[in-house]
Amino acid sequence: SHFRVTTLAFNLIGRLKFGCEMKTEREFCRLQPYAGVGLGVFFANLSNNNGNSLSDNAVPGLNVLGGLRFYFTERIALFGEYKYNWAALDLTNDTVGGGRFKGDYQINQVVGGLSFHF
């Protein structure tokens, strides 16, 4: 079986700034912790090798995140972030002999990387 969930998320994000200094007439802050919460729209599909599939589309859910960004320069930063998603899924197949799968989708993600700002 193959289970795929695609998320489209809209978040309100708050950010703090530490280690600030003035550079070329604007403020530059090296350390920026942030947190956000918002609405996620989830699209789910469960399929197997026989070609049978169950789908649930455009399910509303919760999206929460928090992270820390450290700027090496004004354009290059290293970041680490935690994300949590939740949605109540009800996957069905309306064809003859179709099936059903119902449950809560929850995922925890820890991501990081290098970001370039322009």
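As a starting point, this report considers the structure included with it. (Residues numbered from 1 in each chain as written. Predicted model: local features only at pLDDT ≥ 70, side-chain atom pairs only at ≥ 80, totals over all residues. Heavy atoms only, no water.)

1. Observations concerning the pattern of salt bridges
A complete count under the given rule lists two salt bridges for this structure. For the salt bridge of R26 with E74, the shortest nitrogen-to-oxygen distance reads 3.9 Å. Of this pair, R26 sits in strand β3 (residues 26-47) while E74 sits in the loop between β4 (53-71) and β5 (76-92), and the two are 48 residues apart along the sequence. On the basis of relative accessible area, R26 is assigned to the partly exposed category, the value being 44%. Since its relative accessible area comes to 24%, E74 is described here as partly exposed. A salt bridge links E81 to K83, with the nearest nitrogen and oxygen atoms 3.5 Å apart. Residue classification places E81 among the buried positions, given a relative accessible area of 13%. (Salt bridge = Lys/Arg side-chain N within 4 Å of Asp/Glu carboxyl O. Helix = DSSP H or I, 4+ residues; strand = E, 2+ residues; numbered from the N terminus. Buried < 20%, exposed > 50% of the residue type's maximum accessible area, 1.4 Å probe, protein only.)

2. A few points about the pairing of β5
Of the strand pairs in this sheet, β4 and β5 are connected by twelve bridges, and their pairing is antiparallel. Considered in β5, the bridge of V64 is made with Y84. Bridge analysis of β5 against strand β6 (residues 100-116) gives 17 bridges, and the strand direction is antiparallel. Its bridge partner lying in β6, A77 is registered against S115. (Pairing = 2+ DSSP bridges.)

3. Some points on the environment of G19
Looking at the element boundaries, G19 is found in strand β2 (residues 18-23). Residues G19 and G67, spaced 48 residues apart in sequence, show a C-alpha to C-alpha distance of 17 Å. With residues near it in sequence (within four places) discarded, G19 still touches F28, C29 and R30. (Contact = heavy atoms within 4.5 Å.)

4. Overview of unusual backbone geometry
Even without glycine at this site, A58 takes up a positive phi of about 60°. With respect to the secondary-structure elements, A58 resides in strand β4. Judged by its relative accessible area of 46%, A58 is partly exposed.

5. As for the packing of aromatic side chains
What the rule picks out here adds up to four aromatic pairs. Centre to centre, the rings of F28 and Y71 are 6.2 Å apart; their planes meet at 75°, and the pair counts as edge-to-face. Of this pair, F28 sits in strand β3 while Y71 is found in strand β4, placing the two residues 43 residues apart along the sequence. Looking at F28, the relative accessible area reads 6%, which means it is buried. Residue classification places Y71 among the buried residues on the basis of a relative accessible area of 8%. Between F70 and F72 the ring centres are 5.4 Å apart and the planes differ by 80°, which places this aromatic pair in the edge-to-face class. On the basis of relative accessible area, F70 is assigned to the partly exposed category, the value being 34%. Residue classification places F72 among the partly exposed residues on the basis of a relative accessible area of 45%. Aromatic rings pair up to connect F3, F42 and Y105 into one cluster. (Phe/Tyr/Trp six-rings, centres within 6.5 Å; stacked < 30°, edge-to-face > 60°.)

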